[in-house]
Amino acid sequence: MSTTDTWDETVDLLVVGAGAGGLAAALTGADHGLDVLVAERTEFLGGTTAYSAGTCWMPDHRHQRALGLTGEREAASRYLDTLVGDKAPRELREAYLERGPEMIDYLDRLGVRFYHSTTVVDYHPEIEGAGIGRALEPEVFDARVLGPEGLRRVRRPVPEFALFGGTLMVRRAEVGQLLRLFEWSPKAAALALRLGVRWFFDLWRFPRGTRLAMGNALVARLSHELTRRGGRLSFDTSVRELVVEDGRVVGAVLAAGGVERRVRARRGVVLAGGGFSAGGAWRAERMPHPTPQFTRASEGSTGSTLEVGVAAGGTLGPDHGDNTFWFPSSIGVRRDGSRVVFPHIWDRAKPGIVAVGRSGTRFVDESVSYHRFTRAMYASLGAQDAIPAWLVIDARALHAYGLGMIRPHTPRRVLDRYVRQGYIHRADSIAALAARIGVDPSGLEATVAANNRFAQTGVDEEFHKGESSFGRQYGDPTHTPNVNLGPIAQAPYYALPLVPTPLGTALGLRTDTRAHVLDADDAPIMGLYAVGNDADSVMAAEYPGAGCQVGAGLTFGYVAGRDAAGLDSVSTKNPSAAVVSK
């Protein structure tokens, strides 16, 4: 940390990081009259949020209330009490449940709106208080308003989760419709034509399609509304240290292009650098072994903002065990030679797939959430040893559903390329496949035989796959008698390796309910806030439902922006009512 009376620039609020949490803090501050600067370490806007679905987990949101649903806040509180318990301070998650719906209403008034994902089930439906429909999906954003250069600044989505090399984005709900093209569906054809025509004309002027969805839509809209209110973004800009005077953070030393500048922040600094998913040393020290070697998170999430926060007197939260929110991912290579880290979110739930470890035996219900699946991989270490885990599938299921980078109905010549690359392995018998991937042949043969019996009866006697409402939502609704269970019986057989990959980190700087960073004596460090994955997770390392990280980032970003604007004494019933004079 540093102390100086010489400033190169003065702003009201300095935000470090341009993901969902940082942008929410910046937008809230700018909307209430603050002069806001966002310093983003990379050349792109959006952080890990831009790669994600942008889903926001928010019990008791405006859409639920419009449907007349009551008791959601109380039910969610019971759910989190059981799931999280004393692993994280209860007052933080209660603040999340209280301020989150208020944040959604506020952003809606600013033009940042969400669709209601009515059928999405919480990740632990067996726990009392779990719900359906708490997830919100960002509205599609028309990026033509950004212009070509503005669109170039929005971090592109994972190419494999979009079309035409990542240049055409579609909503999750549209993916299912488009797959019906193989059934010659007129509605699917009409949707494809509408999306394709716009995309074609977009490419005459823009670097990619301008119809943004999911996390891209959320961060682009937040940024657009921020700049409309005078907020500024500085790319390729990192924070070297925080400036502290008389125990208060009053600014920061930023670096861009090898040049340092001292920025005074009259109302405070918000750390929103994304945690440490991409920080090799942090991963080795703070994640379980074997240490994950890959991540789907933004390359800017190195833990550097945590380090400057600690240097300024902040303290990290307690060890949460694995300290991570997980994806199981397959690792591939694109035609241009770039590496693919492909998160396996939904495909594991399809019928005709089993996951096994070195023993050739199953270790989990394959249809559980990605976080629970990866935790089961680590729990298997020993005789089963499911790192890597192997997804085993037959030719029929692979053709019908795809797997990882391999899309449904992939032609054989394209599939052969994936086999040659070693992305997926193939053999004409289960025993030969086991030998090829180094798992116990007798164990795998017994596992497949048991799976085929379960597929006939519809009852998974080992892990009860198909009994959970969470898993059923991602199965094949046309498949009977169990949407998640199908035979593995048609040669050739395939196996795809999965490894643990962090999508976000749970360990961060301790904060209070106003997003202030806390020191070793539990006192707030005035002028210093942490949000998103830079803040110790209000859920510890538990994952209640789709979008809890984005939800927490937005909520406490909003809280930090309001606090910096001096609105603590202002009624939260009308958070747009006050404008702070400078």
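Cut-offs used in this document
Residues numbered from 1 in each chain as written. Predicted model: local features only at pLDDT ≥ 70, side-chain atom pairs only at ≥ 80, totals over all residues. Heavy atoms only, no water. pLDDT = per-residue confidence, 0-100. Contact = heavy atoms within 4.5 Å. Pairing = 2+ DSSP bridges. Helix = DSSP H or I, 4+ residues; strand = E, 2+ residues; numbered from the N terminus. Salt bridge = Lys/Arg side-chain N within 4 Å of Asp/Glu carboxyl O. Buried < 20%, exposed > 50% of the residue type's maximum accessible area, 1.4 Å probe, protein only.

Caption draft 1: Seen up close, the confidence of the model for the chain. Taken as a whole, the chain shows an average pLDDT of 94; of its residues, 96% reach a score of 70 or greater. Across residues 569–582 the pLDDT falls below 50, and counting only partners more than four positions away or on other chains, this stretch makes 31 contacts in the model.

Caption draft 2: Representation of the sheet that holds strand S4 (residues 114–117). Read from one edge to the other, the open sheet built from three strands follows the order S3-S5-S4, with strand pairing classed as antiparallel. Strands at the two margins of the open sheet, each flanked by one partner only, are strand S3 (56–57) and S4. Relative to strand S5 (residues 135–138), S3 is paired through two bridges, and the arrangement is antiparallel. Bridge pairing in S5 places Trp 57 opposite Ala 135.

Caption draft 3: Highlighting the pattern of salt bridges. On inspection of all chains with the given rule, the structure shows 42 salt bridges. Arg 362 is paired through a salt bridge with Asp 460; the nearest N and O atoms lie 2.9 Å apart. Here Arg 362, found in the loop between strand S14 (353–356) and helix H11 (370–379), pairs with Asp 460, found in the loop between helix H15 (441–457) and helix H16 (469–472); they are 98 residues apart in sequence, far enough to count as distant. Notably, a salt bridge pairs Arg 362 with Glu 462, separated by 3.3 Å at the nearest N-O pair. Pair noted here: Arg 362 is in the loop between S14 and H11 and Glu 462 is in the loop between H15 and H16, with a separation of 100 residues, a long-range link. For Arg 362, a relative accessible area of 5% gives the class buried. Look at Glu 462 and you get partly exposed, because its relative accessible area is 43%. One salt-bridge network, held together by shared partners, links Asp 31, Arg 221, Glu 225, Arg 228 and Arg 229.

Caption draft 4: Structural detail: the environment of Ile 406. Along the chain, Ile 406 turns up in the loop between helix H12 (395–401) and helix H13 (412–421). By relative accessible area, which is 2% here, Ile 406 ends up buried. A C-alpha to C-alpha distance of 41 Å links Ile 406 and Leu 316, two positions 90 residues apart in sequence. Those residues in contact with Ile 406 that sit more than four places away from it in its chain are Leu 398, Leu 415, Tyr 418, Tyr 423 and Ile 424.

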